[in-house]
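Observations on the model geometry
For reference, the chains in residue letters:
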Amino acid sequence: MNPQSGRIGELVDLARRTRGFMPDDEGLALMDAASRAGSGRPGAVFVEIGAWCGKSTVYLGAAAEHTGAVLFSVDHHRGSEENQAGWEHHDPTLVEPGDGRIDTLPHWRRAVAAAGLEPTVVGVVGDSPTVARAWRTPLAFCFIDGGHGDAPAWADYRGWAGHVAVGGLLAIHDVFPDPLDGGRPPYELWCDAVASGQWAQAGHCGSLRVLERTVPAPA
Ligand code: SAH
Ligand code: MG
């Protein structure tokens, strides 16, 4: 996939201009990993946890469209703890005046529509562990970038990692081995995955780590 031109170039350009928390080199690495997961498997199913305004959604949607996969993008669109007023990653322009709560869904929809990705990307609006409990389809690709606190990060990992098929990829964002660079939970769950013996390391870029499932998930 050439991020410089054609349809992929157009989508990468749009992803770069979408607001969010994904440096471009990591976004391109994410797109590449998803495209590896989807290629040769038309109809493959991708899931992303944590969409915010759709930046990672557009990078992943580009890979999904390119390989004939479908991307389910899960988010309650109310922001994580770290996005609420008074926290580091708060953006007051995303607060709904009606009820004073964050609502990123309109921004996400606009990004997906502007990208022309509506045939490829399905928004799932709700609580990630609740969706995970009802989920039954094996995944070719799963991206975890939801709440970064201890409880939400572990709930996403415990809820979703088991849905990744053998040969499928699990990508985790904001993995910082050095505590000075960022919070612990994503790194700790990445360590747990590596120690479980169920995964092989399959690439990294910045704080993005990619694992490939080599052993079926325990029942
Ligand atoms: N991937 C995005 C950033 C995601 S920020 C980007 O590229 O910019 C984390 C997101 O996780 C927020 O949008 C927040 O609403 C969502 N989130 C946090 N906890 C959640 C939960 N329990 N269920 C669903 N979404 C959740
Ligand atoms: Mg992130």
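Check the entry above for the structure.
First things first, this report covers the structure right here in the doc. Sequence order sets the numbering: in each chain, residues are counted from 1 along the sequence as written. Whichever chain is written first is A, and whichever ligand is written first is 1; the rest continue in order. Per-residue local features are limited, in this predicted model, to residues with pLDDT of at least 70; the limit for side-chain atom pairs, both in listing and counting, is 80 or more; totals at the level of whole chains, interfaces and linings are taken over all residues. The side-chain values count all of the structure's non-hydrogen atoms but skip hydrogen atoms and water molecules.

Structural notes on the packing of helix α2 (residues 24-38) against helix α3 (residues 55-67)
All axes are obtained by fitting lines to C-alpha atoms, using only the stretch in contact for helices, and the reported angles, taken between N-to-C directions, cover 0 to 180 degrees. Per the convention used, a helix needs a DSSP run of H or I reaching at least four residues, while a strand needs a run of E reaching at least two, with both numbered from the N terminus. One way to put it is that α2 packs onto α3 with a least axis distance of 8 Å and a crossing angle of 30°. Classified by the angle between their axes, α2 and α3 sit roughly parallel to one another. The chirality of how α2 crosses α3 is right-handed. Contact residues: Asp 24, Gly 27, Leu 28, Leu 30, Met 31, Ala 34, Ser 35 and Gly 38 in α2; Ser 56, Tyr 59, Leu 60, Ala 62, Ala 63 and Thr 67 in α3. When grouped by side-chain class, the residues that make up the contact of α2 with α3 number eight nonpolar, five polar and one charged. In this scheme, roughly parallel covers angles under 35 degrees and roughly antiparallel covers those over 145, while 65 to 115 is roughly perpendicular and the rest are oblique. Should the near helix be turned anticlockwise from the far one by less than a right angle, the crossing is termed left-handed; should it be turned clockwise, right-handed. Contact criterion: two residues are considered in contact whenever any of their non-hydrogen atoms come within 4.5 Å of each other. Ten residues, namely Ala, Val, Leu, Ile, Met, Phe, Trp, Tyr, Cys and Pro, are considered nonpolar, four, namely Asp, Glu, Lys and Arg, are considered charged, and the remaining ones, Gly among them, are considered polar.

Some words on the site of ligand 1
When we say a residue is near a molecule or strand, we mean one of its heavy atoms is within 4 Å of it. Close to ligand 1 lie 21 residues; Phe 21, Ser 56, Asp 75, Ser 128 and Asp 145 are nearest. The backbone of Trp 52 places a nitrogen or oxygen atom 3.3 Å from an oxygen atom of ligand 1. Ser 128 is positioned such that a nitrogen or oxygen atom in its backbone is 2.8 Å from a nitrogen atom of ligand 1. Surface burial for ligand 1 is 94%, taken as the share of its 580 Å² of free accessible area covered by protein chains. Looking at the shell around ligand 1, the elements with two or more residues in it are α3 and α5 (128-134). For the purposes of these results, a polar contact is taken to be a pair of N or O atoms within 3.5 Å, where, inside protein, one atom must be able to donate a hydrogen and its partner to accept one; residues adjacent in sequence count only when each atom of the pair is a side-chain atom. Areas reported as accessible are Shrake-Rupley estimates using a 1.4 Å probe. Residue values count occlusion only from the protein chains shown.

In short, geometric facts, not functional conclusions.
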